[in-house]
2 protein chains.
Amino acid sequence: MNINPKKISNPQLKEQEFSINHQKLIDATIETIAKKGLADTTIAQVAKKAMVSQGYANFRFKSKENLLLSSLKFLSDEYKNSWQRIFEDNNLDPVGRVVKIIENDFSSKIASRNKIAVWVSFYSEVKFRPSYLTICQKQDEIYSSQMEKLIKELNFLTDQTFLTPREISETYLSMVDGLWQRILFDPKMYSHVFCKGLIKKYFKNIYTDEKRFV
Amino acid sequence: MNINPKKISNPQLKEQEFSINHQKLIDATIETIAKKGLADTTIAQVAKKAMVSQGYANFRFKSKENLLLSSLKFLSDEYKNSWQRIFEDNNLDPVGRVVKIIENDFSSKIASRNKIAVWVSFYSEVKFRPSYLTICQKQDEIYSSQMEKLIKELNFLTDQTFLTPREISETYLSMVDGLWQRILFDPKMYSHVFCKGLIKKYFKNIYTDEKRFV
DNA sequence: ACCCATATTGAATGATTATTCAATACAAAA
DNA sequence: TTTTGTATTGAATAATCATTCAATATGGGT
């Protein structure tokens, strides 16, 4: 009798990063952090949700810390990929790119309430955990400078000169962070539609002639 | 011999809320959360920093949870008081009031890196701790509606009609939250001066004729 | 000087939890 | 079938911590 049958191994998936169990554990970690917070996330809970044994979870990720870091890395990579896809799309003009960025930042894939909860959990500890900072900071600087360059093109195409590209991009990025946080508080009031609308209105006010910032 | 002398009681300070030790413990809690995070904040560390015994800290606050809640309440009240002082100041016109609000939101008293770290720590758990939400949410709604009313006066005094008071106030509030979070990441880049400047420029762009949004 | 109420201590307790590891199950190879 | 290497388990361990509480200190009232 075998109440808890062992998982069938898949020899084609030797790489840790691509194994089924690896991703199941990361998904379970994200769900658990979102539901209980970093403090009360235990390996036992995560393992249970991922339907593997506690010992296995630890064996696979070497430590709880490493499991948490891997989950942050997963979110960070997911965001990076969606961002890059927008910046590498040559069919987009500057306005189209900005619109896509806004829509991506409040898409259901990227800005689900669970994922935002995890981001904010890690943000709250970034001050004293250099490992968290390492994962996010470099990317963040890239987003910052790419956004600034994009706004520079936009300003060039319009007669907007009062606000500098830096000001507009920093305002945008901090608004996104703030709205994400507010989604945690009150997801009804700060719906994705509301957030996107608010930001588009911000751009519409700056680039008054542009019809696509509806 | 008395290596650890007991504290001298002060009969005039019977109310828990006003005792010296009460505040010392709250200050120590804020420092500890900022330095280690909610997860790794232990009663022992807080008690040590406040220079009282571990048992005393627990006795005074009944539980760790209650100590954390009291610290959040302290920050929340501190913010509320500074906000109210600005709104009750009859010498201020709408523009002056907005400027004061901005300056308050990035003052060294309100927006110290430690205090921001504590705010963000609690924000990150607000999703599943109703007690945290209770302390913040009602106030937050008040700030929201007072700000909106203030902007309404401002719009009335100017020819600004494109952005609604609601849009401007929500944009402002989310920018503040976002910038606070970014101060945690990179306090050098997101200095108080930079943050205030960015927000004033936002208003300057809307109310172009107003000289005080420098 | 003594008593009493209150303030404060610090060590003990018990619960929780990350981590380890010997035992077991499995799949493929021989 | 038997062997072998890998995957996975689950129970034991050890560390950390919140909480409790009996013991002690203090200062004012008598």
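> Sorry, what's going on with the overall build of chain A here?
Helix and strand content of chain A: nine helices and zero strands. When its C-alpha atoms are laid out on the principal axes, chain A stretches across 75 × 35 × 30 Å. The long-range fraction of contacts in chain A, counting pairs at least 24 apart against all pairs at least 6 apart in sequence, stands at 66%. Between the averaged position of the 33 positive side-chain charges in chain A and that of its 25 negative side-chain charges there is a distance of 8 Å.

> Would you mind showing me how to read the side chain of B:Asn205 here?
For B:Asn205, the location among the structural elements is in helix α9 (residues 192-206). According to the relative accessible area criterion, B:Asn205 is buried, its value standing at 18%. Leave out the neighbours within four places in its chain, and B:Asn205 touches A:Phe162, A:Leu163, A:Asn205 and A:Ile206.

> Looking at this structure, how should I read helix α2 (residues 43-50) of chain B?
Helical geometry note: an α-helix holds 3.6 residues per turn, so side chains three or four residues apart project in the same direction. All names here are of chain B. By the burial criterion, the buried members of α2 are Ile43, Val46, Ala47 and Ala50. Looking straight down α2, one finds that the buried residues subtend no more than 95° of arc, so they occupy a single side. Taken together, the buried residues of α2 touch α1 (20-36), α3 (54-61) and α4 (64-87). A positive backbone phi angle near 60° is found at Met51, which sits one or two residues after α2.

> I keep staring at the interface of chain A and chain B and nothing clicks. Help me out?
Interfaces are frequently sized by the accessible area removed from exposure as the parts join. Listed by partner, the interface residues are 50 residues for chain A and 50 residues for chain B. With both chains or domains summed, chain A and chain B bury close to 4,600 Å², and 58% of this area falls on carbon and sulfur atoms. Looking only at chain A, the three residues that lose the most surface to chain B are A:Lys127, A:Arg182 and A:Phe185, adding up to 17% of its buried area. Here chain A is connected to chain B by eight salt bridges. The partner of B:Arg182 in a salt bridge is A:Asp140, with the nearest N and O atoms 3.4 Å apart. For the interface between chain A and chain B, the tally reads 16 residue pairs in polar contact (both at pLDDT 80 or more). Listing elements by their share of the side of chain A that touches chain B, those giving two or more residues are α1 (20-36), α6 (113-123), α7 (130-157), α8 (165-185) and α9 (192-206) of chain A.

Conventions used here
Residues numbered from 1 in each chain as written. Chains lettered and ligands numbered in written order. Predicted model: local features only at pLDDT ≥ 70, side-chain atom pairs only at ≥ 80, totals over all residues. Heavy atoms only, no water. Helix = DSSP H or I, 4+ residues; strand = E, 2+ residues; numbered from the N terminus. Contact = heavy atoms within 4.5 Å. Lys, Arg positive; Asp, Glu negative; His and termini not counted. Charge placed at Lys NZ, Arg CZ, Asp CG, Glu CD. Buried < 20%, exposed > 50% of the residue type's maximum accessible area, 1.4 Å probe, protein only. Arc of directions from axis to C-beta. Buried area = accessible area lost by both parts, 1.4 Å probe. Salt bridge = Lys/Arg side-chain N within 4 Å of Asp/Glu carboxyl O. Polar contact = N/O pair within 3.5 Å; in protein donor to acceptor, adjacent residues only side chain to side chain.

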